[in-house]
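# Summary of structural features
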Amino acid sequence: MQAPHPPGPLFRNRAFALFWSSQSISFLGTQVTYVALPLTAVVVLHASPMEAGLLSALETLPFLLFGLFVGVLVDRRARRPILITANAIRFAALAWIPVAYSLDVLTVPQLLVVTFLVGVMTVFFEIAYMSYLPGLVGRERLMEANGKLQASASTAEVAGPGIAGGLIGVMSAPVVIAIDAVSYLISALALIRLPADAAPQAEGEAEGKQSVWASLREGFAVVGRSPLLRWCTVAVFFLSLFFSSIMAVYFLYLIREVGLASTAVGLIVAGGSVGGLVGALLSERLNALLGIGPTLAAAVALPGVGFLLLATVDGDSLGSAALAGVATFIGFFGIPVWDVTVISFRQSITPEHLQGRVNATVRSLSWGTLSLGSLMGGALASAWGLRETVVVSAVGLFVPSLVVLLSPVRAMRHLSEQVDGPAQPSPVSTS
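Residues numbered from 1 in each chain as written. Predicted model: local features only at pLDDT ≥ 70, side-chain atom pairs only at ≥ 80, totals over all residues. Heavy atoms only, no water.

## Thoughts on the overall build of the chain
Each helix and strand in the chain was counted, giving 16 helices and zero strands. By the compact-globule yardstick of 22 Å for 431 residues, the chain fits well, its C-alpha radius of gyration being 21 Å. Here the C-alpha coordinates of the chain stretch approximately 65 × 50 × 45 Å along the principal axes. Residues classed as buried in the chain amount to 58% of the 431 residues present. Taking the contacts inside the chain whose residues are at least 6 apart along the sequence as the reference set, 89% of them involve residues at least 24 apart. Of the roughly 16100 Å² of accessible surface on the chain, 69% is carried by carbon and sulfur atoms. (Helix = DSSP H or I, 4+ residues; strand = E, 2+ residues; numbered from the N terminus. Rg over C-alpha atoms; globule rule 2.2 N^0.38 Å. Buried < 20%, exposed > 50% of the residue type's maximum accessible area, 1.4 Å probe, protein only. Contact = heavy atoms within 4.5 Å. Areas by Shrake-Rupley, 256 points an atom, 1.4 Å probe, with all protein chains shown as cover.)

Encoded structure:
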């Protein structure tokens, strides 16, 4: 696939504008479910803290189980059909929840199965989309493209929970999930109109004859040879672990420990998610002003600050809700700054035929660790309590910043820098 890359605003690229539009619709629906699904489990089905943690874990566990192998598949197949199929299956799976609720047969185990299936399809979609994007916009515009997509995602994080909170006030949480299901259907139909792409292949390489394990080693080699990717992958392990530990109990904490209403929680998440939007909009400017290393170190320190503040919230009052919103704003601000910077660099230095494996290597660790963190959060909450879990996890969120500060990444100022040489894979046997 070689899509035209006209000069000027990126939205002049019709293919990117269509892709951005489909993703924006899907982002909004996903954020509605982000609030409605745990509330369905907690409020409608009376899930325990451990069940809530398991529900959160199953959203990302498929990355840990299947991510690396999906990366190999993505590097051997055209990416657009994978994107379309993944969204079609996510539509069908999520549509079952409101149907089952209307039939009065919905249970927590059903929520777990649907969540796991959607998570598996998310593995396929995320790895294929990150591998498809460079050919859609050109590598020189990846920072801009990722910034626009992240800004769209952050806007959905602002609007989605508020919309969900309002809708849940007039209809049940399971029914609200139907909105997300429809958004995936619309996205799948829009993706059909994107430029077709062929299965990538390195020049002179018989990729289909290469063993799966040899293919996997190539992806690890690219990550290992790049200092930014290597150390940021270590940092993202701790970021994912402790962030997901907090988010696994976030809704339980605000509803049961603090005593806030479901509608208020939706508005808190929406207000706090403005921080994610601001971070996405400022990411490119912050990198230009401060440099890569200082920006990344500061970005991943903010979640710890924000969630330590969240641990001080107590009582069902307007002041408590406002403080929770401010804390969530701070906690969410740095995440998109980190994502836009590291993802753009990874896409820009990775050869086309290795995009799937390299993206899968990092994504499998980062998103796979989310599932472990969610289980950890549920276990800590069951053993120690909700507030104690927030405190311990918030302290752990300072570890990623220390990793960046103690690594060569701290000295990097531009994406084009290579501290240890280019991130190219070392020769790998095809046996």
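Alright, that's what it looks like, and here's the rest.
## Describing the pattern of salt bridges
Summed over the entire model, instances satisfying the criterion amount to three salt bridges. One salt bridge in this structure joins Asp75 and Arg79, with 3.0 Å as the shortest N-O distance. An identical accessibility class is assigned to Asp75 and Arg79; each is buried. (Salt bridge = Lys/Arg side-chain N within 4 Å of Asp/Glu carboxyl O.)

## Details of a nonpolar patch on the surface
Taken together, the side chains of Met50, Leu54, Leu64, Leu65, Phe66, Leu372 and Leu375 present a nonpolar region at the surface, about 540 Å² in accessible area. Counting residues per element, the ones that place at least two in the nonpolar patch are helix 2 (49–74) and helix 14 (355–383). Sort the elements by how many residues they give to the nonpolar patch and helix 2 lands first, with five residues. Since its relative accessible area comes to 42%, Leu64 is described here as partly exposed. (Patch = residues over 30% accessible without salt bridge, like charges linked within 9 Å, V, L, I, M, F, W, Y side chains within 5 Å.)

## A closer look at helix 13 (residues 318–349)
With 32 residues, helix 13 should cover 46 Å at 1.5 Å per step; its first-to-last C-alpha distance of 48 Å lies within 8% of that length. Counting buried residues in helix 13 gives 23 out of 32 residues, a clear majority hidden from the surface. (Expected span 1.5 Å × (residues − 1).)

## A word on the packing of aromatic side chains
Under the definition given, this model contains nine aromatic pairs. Taking the centre distance of 5.8 Å and the plane angle of 65 degrees together, the rings of Phe243 and Phe307 count as edge-to-face. Of the two residues, Phe243 is situated in helix 8 (residues 227–258) and Phe307 in helix 12 (residues 302–310); the sequence distance between them amounts to 64 residues. Owing to a relative accessible area of 0%, Phe307 belongs among the buried residues under this scheme. Ring centres 6.4 Å apart and planes at 65 degrees place the aromatic pair Phe307 and Phe332 in the edge-to-face group. (Phe/Tyr/Trp six-rings, centres within 6.5 Å; stacked < 30°, edge-to-face > 60°.)

## Details of the layout of surface pockets
There is about 160 Å³ of room inside the second largest pocket. Every residue lining the second largest pocket is listed: Met143, Glu144, Gly147, Lys148, Ala151, Ala280, Leu281, Ser283, Glu284, Arg285 and Val340. At the level of elements, helix 5 (142–170) and helix 10 (274–290) are the ones that each hand at least two residues to the lining of the second largest pocket. The class makeup of the residues in the lining of the second largest pocket is five nonpolar, two polar and four charged. (1 Å grid on protein atoms, 1.4 Å probe; cavity = no way out; pocket = protein on both sides within 12 Å on 5 of 7 lines; lining within 4 Å. Points joined across faces, edges and corners; volume = space filled by probe spheres on them. Nonpolar A, V, L, I, M, F, W, Y, C, P; charged D, E, K, R; others polar.)

## Brief notes about the side chain of Ser152
Looking at the secondary structure, you find Ser152 in helix 5. We classify Ser152 as buried; its relative accessible area is 10%. Residues within four places of Ser152 in sequence aside, it is in contact with Trp20, Ser24 and Phe27.

## Some details on unusual backbone geometry
With the exception of glycine, the majority of residues adopt a negative phi angle, and the majority of peptide bonds are in the trans configuration. In this structure, Asp104 takes a positive phi of about 60 degrees despite not being glycine. Following the sequence through the fold, Asp104 ends up in the loop between helix 3 (79–102) and helix 4 (108–137).

## A few points about the environment of Arg387
Mapping Arg387 onto the fold places it in helix 15 (residues 386–396). The buried category is assigned to Arg387, whose relative accessible area is 17%. Each C-alpha atom, one on Arg387 and one on Glu257, is 7.3 Å from the other, the two residues being 130 residues apart in sequence. Within the local environment of Arg387, its side chain forms a polar contact with the side chain of Tyr253, the two groups lying 2.9 Å apart. In terms of polar contacts, Arg387 uses its side chain to reach the backbone carbonyl oxygen of Val313, at 2.8 Å. (Polar contact = N/O pair within 3.5 Å; in protein donor to acceptor, adjacent residues only side chain to side chain.)

## Side note on the packing of helix 1 (residues 14–44) against helix 4
It is at 13 Å that the axes of helix 1 and helix 4 come closest, and there the two elements cross at 160 degrees. The pairing of helix 1 with helix 4 is recorded here as roughly antiparallel in orientation. For the pair helix 1 and helix 4, the crossing hand works out as left-handed. Mapping the contact onto sequence places Ala15, Phe16, Phe19, Gln23, Leu37, Thr40 and Ala41 in helix 1 and Leu111, Thr115, Phe125, Tyr129, Leu133, Leu136 and Val137 in helix 4. Looking at side-chain class alone, the contact of helix 1 with helix 4 contains 11 nonpolar, three polar and no charged residues. (Axes fitted to C-alpha atoms, helices over the stretch in contact; angles between N-to-C directions. Parallel < 35°, antiparallel > 145°, perpendicular 65-115°, else oblique. Left-handed = near helix turned anticlockwise from the far one by under 90°.)

## Structural notes on the nonpolar core
Counting residues in each nonpolar core, the largest one holds 83 residues, and the members touching the most others are Tyr250, Leu254, Leu296, Phe307, Leu310 and Trp338. Ranked by residues supplied to this core, first place goes to helix 8 with 19 residues. Counting 32 residues, the second-largest nonpolar core is a separate cluster that includes Leu18, Leu133, Leu136 and Ala360. (Core = buried A, V, L, I, M, F, W, Y, C linked by side-chain atoms within 4.5 Å.)

## A word on the confidence of the model for the chain
For the chain, per-residue confidence averages 80 on the pLDDT scale, and 90% of positions sit at 70 or higher. Every residue in residues 419–431 is under pLDDT 50, and counting partners more than four places away or in other chains gives 34 contacts. (pLDDT = per-residue confidence, 0-100.)

## Overview of helix 4
Counted at 1.5 Å a residue, the expected span for helix 4 with its 30 residues is 44 Å, and the 42 Å between its end C-alpha atoms agrees. Burial runs high along helix 4: 24 of the 30 residues are buried. Backbone geometry just downstream of helix 4 places Gly138 in the positive-phi region, at approximately 90 degrees.

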